[in-house]
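Breakdown of the fold
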Amino acid sequence: MNITVYSTPTCPWCTRVKDYLKDKEVGFKEVDVSKDRESAMEMINKSGQRGVPVIDIDGNIIVGFDQAAIDNLLK
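A brief report on the enclosed structure follows.

1. Concerning the packing of aromatic side chains
- This model, assessed by the stated rule, comprises two aromatic pairs.
- Measuring from ring centre to ring centre gives 6.3 Å for Trp13 and Phe65, while their planes differ by 35°; the resulting arrangement is tilted. A residue pair is termed long-range when its members are at least 10 positions apart, and Trp13 in helix 1 (residues 12-23) and Phe65 in the loop between strand 4 (60-63) and helix 3 (67-74) qualify at 52 residues.
- Using a relative accessible area of 44% as the deciding quantity, one classes Trp13 as partly exposed.
- Taken together, a centroid distance of 5.6 Å and an interplanar angle of 65° make the contact between Tyr20 and Phe65 edge-to-face. Of the two residues, Tyr20 sits in helix 1 while Phe65 sits in the loop between strand 4 and helix 3, which places them 45 residues apart along the sequence.
- Look at Tyr20 and you get buried, because its relative accessible area is 15%.
- Three or more aromatic residues joined by ring pairs make a cluster, and in this case those are Trp13, Tyr20 and Phe65.

Set out below in structure tokens:
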């Protein structure tokens, strides 16, 4: 399972997503879009959103901290 969390250091919902995944012992790649313009454009192309967090779970995009959607894709 490939999980990428697009986030920024100042985003409290990003921190909640990352903490939630860590608590579930799920590995993920964190991408700081405030420092990586190419990844920020990738996130926008995938989600149509400029806001964070954006979570990519095996190509399924979740915008924001939607625990039910995350749990559904982690099954």
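2. Notes on the nonpolar core
- In this structure, Ile3, Val5, Val17, Tyr20, Leu21, Val26, Ile55, Ile57, Ile62, Ile70 and Leu74 together form the largest nonpolar core, which totals 11 residues.
- When residues of this core are traced back to their parent elements, those giving at least two are strand 1 (3-7), helix 1, strand 3 (54-57) and helix 3.
- At three residues, helix 1 tops the list of elements feeding residues into this core.
- Leaving out residues up to four positions away in the same chain, Ile57 has contacts with Met1, Asn2, Ile3, Ile62, Ile70, Leu73 and Leu74.

3. Things to note about the state of the cysteines
- For the coordinates displayed, the defined rule picks out one disulfide.
- Residue pairing for Cys11: its cysteine sulfur links by disulfide to Cys14, the two sulfurs lying 2.4 Å apart. Where Cys11 bonds to Cys14 through sulfur, the torsion about that S-S bond is close to 85°, and the disulfide is right-handed.
- Judged by relative accessible area, Cys11 falls into the buried class, the value being 9%.
- Note on Cys14: relative accessible area 0%, which makes it buried.

The rules behind these values
Residues numbered from 1 in each chain as written. Predicted model: local features only at pLDDT ≥ 70, side-chain atom pairs only at ≥ 80, totals over all residues. Heavy atoms only, no water. Phe/Tyr/Trp six-rings, centres within 6.5 Å; stacked < 30°, edge-to-face > 60°. Helix = DSSP H or I, 4+ residues; strand = E, 2+ residues; numbered from the N terminus. Buried < 20%, exposed > 50% of the residue type's maximum accessible area, 1.4 Å probe, protein only. Core = buried A, V, L, I, M, F, W, Y, C linked by side-chain atoms within 4.5 Å. Contact = heavy atoms within 4.5 Å. Disulfide = S-S within 2.5 Å.

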